Amino acid sequence: MKFVVNGTSVDVSVPGDTPLLWVLRDHLDLTGTKFGCGMAQCGACTVHLDGRAIRSCVTPVVEVSGRAVRTIEGLADGEQLHPIQEAWIAAAAPQCGYCQSGQIMSAVALLAAVPSPTDADIDAALSPNLCRCATYPRIREAIHRAAARMRDAG
Amino acid sequence: MRAELLFSLLVCACTASFAAAAPRSSVPPAPALAPLPPPPTVPREVGLASFAGVLSVLQSPRCQNCHPAGVAPLQTDAGVPHSMGITRDSPQVGLDCAACHREVGLDLPNLPPASPHWHLPPAVQVFEGRSPAALCAQLLDPAQTGGRDLGALREHVKHDPLVLYAWSPGGGRTVPPLSHEAFVESFGAWVDAGAPCPAR
């Protein structure tokens with residue numbers, strides 16, 4: 001099975017019905033993407049497929065053949081963190097941190113669709129991403145910070 | 001005789017007037033008439049009975065849940081609003097239906113149902129709460145069927161993967177009350193009867 005992960009072509013020998021999350025974590029050692037519920041109910045496993053957010057725990061790897069996957073490891077540009085990641089730190093968004101890679105990937109997808117989101121937009125986009133520490137107000141703040149910075153950067 | 005002469009002069013005057021205003025060569029052709037529908041080959045009573053079968057499928061949970069009256073798709077046989085605050089506007093904030101409803105289902109319990117191109121239809125395509133007459137009229141109005149005429153709808157119910165999903169939803173979900181074959185047959189019989197609509 002050939003596809004691209006974070007700009008690098010990979011070829012894995014796994015059954016086609018293997019969840020993408022398993023392939024990322026166990027075969028490609030990209031453990032930033034987390035297993036939460038295994039049934040698309042929590043959002044911890046969110047990655048991008050051709051630029052759109054998907055839940056990797058319910059995506060058979062056969063569906064990504066020949067396509068481009070982006071994980072949390074692929075957001076930064078070298079040592080330069082993505083504006084969302086920097087805003088996450090500045091707003092102290094994570095508490096235990098387990099959900100944050102999924103939250104961040106959903107936030108990036110949101111800002112790609114809506115560069116200046118309202119609170120309602122953020123709630124609509126990230127409601128399926130659960131945070132058991134309930135840091136939702138800080139997540140919102142981080143997204144607003146990142147949106148402002150990305151707007152300023154043009 | 002005088003009356004005939006007057007009439008002839010009037011005709012000449014009118015002809016001359018029209019000829020001056022619009023030369024004969026530039027008169028646009030009459031618009032083509034829409035072809036008449038073929039005559040019904042199935043009795044109206046049979047058509048109405050067939051539509052009742054079609055209706056029972058369209059308003060079953062597997063079909064109706066994604067043709068809701070409100071902004072949120074529905075879930076389960078009870079038709080409760082989709083969890084997580086999902087609405088038809090979710091894709092506009094980067095959250096596609098296909099984020100969770102993938103093309104290929106995994107053989108694991110409790111997963112979201114899967115089918116190619118999982119999406120909500122346009123907001124006008126409502127099955128929930130529609131009377132038989134209203135739903136019938138909806139199917140006859142291309143503005144409410146995504147531009148599909150009856151022939152295209154017939155193909156849609158026969159082949160569209162998202163329609164076919166209803167009969168293999170997995171996860172212990174119920175299926176529509178008619179088999180897919182019987183549904184397609186009923187739909188066809190309704191169309192062949194001239195697509196009659198119930199009074200109410």
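With respect to the domain arrangement of chain A
Residue and element names in this part refer to chain A.
Reasoning step 1: What the domain assignment reports for chain A is domain 1 (2-74) and domain 2 (83-153).
Reasoning step 2: The centre of domain 1, based on its C-alpha atoms, is set 21 Å off from the matching centre of domain 2.
Reasoning step 3: Taken together, the contacts link 17 residues of domain 1 with 12 residues of domain 2.
Reasoning step 4: Of the roughly 1,100 Å² buried between domain 1 and domain 2 on both sides combined, carbon and sulfur atoms contribute 57%.
Reasoning step 5: In this structure, the connection of domain 1 to domain 2 is made through 5 residue pairs in polar contact (both at pLDDT 80 or more).
Reasoning step 6: It is strand β3 (residues 46-49) that provides the largest number of residues to the side of domain 1 that touches domain 2, a total of 3 residues.

A look at the state of the cysteines
Reasoning step 1: Counted according to the given criterion, the structure contains 1 disulfide over all chains.
Reasoning step 2: Here C136(B) is linked by a disulfide to C197(B), with a sulfur-sulfur distance of 1.9 Å. Note on the C136(B) and C197(B) pair: the S-S dihedral is about -85°, so by sign convention the disulfide is left-handed. Here the residue C136(B) occupies a position in helix α4 (residues 132-139), and C197(B) occupies one in the segment after α7 (180-192), the gap between them amounting to 61 residues.
Reasoning step 3: Taking relative accessible area as the criterion, C136(B) reaches 0% and is therefore assigned buried.
Reasoning step 4: Overall, C197(B) belongs to the partly exposed group, its relative accessible area being 24%.
Reasoning step 5: For C99(A), which is in no disulfide, the shortest distance to another cysteine sulfur is to C131(A) and amounts to 4.0 Å.

A few points about the pairing of strand β4 (residues 52-55) of chain A
Residues and elements named next belong to chain A.
Reasoning step 1: Two strands pair when backbone bridges link them, and β3 and β4 are joined in this way by 4 bridges, in the antiparallel orientation. Bridge pairing in β4 links H48 to A53.
Reasoning step 2: Linking β3 back to β4 in an antiparallel pair, the connection comprises 2 residues, with D50 at a positive phi of about 50°.

Looking at the environment of A87(A)
Residue and element names in this part refer to chain A.
Reasoning step 1: Position of A87 relative to the elements: it lies in helix α2 (residues 83-90).
Reasoning step 2: Between the C-alpha atoms of A87 and I139, which are 52 residues apart in sequence, the distance is 9.2 Å.
Reasoning step 3: Contact partners of A87, with chain neighbours within four places excluded, come to A142, R145 and A146.

Brief notes about the sheet that holds strand β2 (residues 8-11) of chain A
Residue and element names in this part refer to chain A.
Reasoning step 1: Read across the sheet, 5 strands follow the order β2-β1-β5-β3-β4 without closing on themselves; strand pairing throughout is mixed. At either end of the open sheet lies a strand with only one pairing partner, and these are β2 and β4. Direction aside, the axes of adjacent strands within the sheet are offset by 40° on average.
Reasoning step 2: Here β3 pairs with strand β5 (residues 68-70) via 2 bridges, running antiparallel.

Examining the interface of chain B and chain A
Reasoning step 1: Counting from both sides, the interface comprises 18 residues of chain B and, opposite them, 26 residues of chain A.
Reasoning step 2: Buried area between chain B and chain A, both sides added, is near 1,900 Å², and the carbon and sulfur share of it is 60%.
Reasoning step 3: For the chain B face of the interface with chain A, the top three residues by lost area are M84(B), V93(B) and R102(B), together amounting to 34%.
Reasoning step 4: On the surface where chain B and chain A come into contact, there are 2 salt bridges.
Reasoning step 5: Joining chain B to chain A, the criterion identifies 7 residue pairs in polar contact (both at pLDDT 80 or more).
Reasoning step 6: Partitioned by chemical class, the residues of the side of chain B that touches chain A number 12 nonpolar, 3 polar and 3 charged.

Each value, and the rule that gives it
As a convention, each chain's residues are numbered from 1 in the sequence order in which they are written. The lettering of chains begins at A and the numbering of ligands begins at 1, in the order of writing. Reporting in this predicted model follows two pLDDT cut-offs: at least 70 for local features of residues, and 80 or more for side-chain atom pairs to be given and counted; totals over whole chains, interfaces and linings ignore these cut-offs and use all residues. Only hydrogens and water are set aside; all other atoms, that is, all heavy atoms of the structure, feed into the side-chain values. In this document the domain limits rely on a domain assignment from an automatic tool or a database. It only takes one pair of heavy atoms within 4.5 Å for two residues to be counted as in contact. Take the accessible area each of two parts loses on contact, using a 1.4 Å probe, and add the two losses: that sum is the buried area. Side-chain atoms alone can form a polar contact between residues adjacent in sequence; in general such a contact is a pair of N or O atoms within 3.5 Å, and within protein one must be able to donate a hydrogen while the other accepts it. In this description a helix means any DSSP run of H or I spanning at least four residues, a strand means any run of E spanning at least two, and both kinds are numbered starting from the N terminus. Two cysteine sulfur atoms form a disulfide, by the criterion used here, when they sit within 2.5 Å. Classification of residues uses two cut-offs on accessible area relative to the type maximum, computed with a 1.4 Å probe and protein chains only: under 20% is buried, over 50% is exposed, and between them is partly exposed. In this description, strands pair whenever DSSP reports at least two bridges between them. Every axis corresponds to a line fitted to the C-alpha atoms, with the helix fit spanning only the stretch in contact, and the corresponding angles, defined between N-to-C directions, vary from 0 to 180 degrees. Salt bridge, as used here, is a side-chain nitrogen of Lys or Arg placed within 4 Å of a carboxyl oxygen of Asp or Glu. Under the grouping applied here, Gly and all other residues not named as nonpolar or charged are polar, the nonpolar ones being Ala, Val, Leu, Ile, Met, Phe, Trp, Tyr, Cys and Pro and the charged ones Asp, Glu, Lys and Arg.

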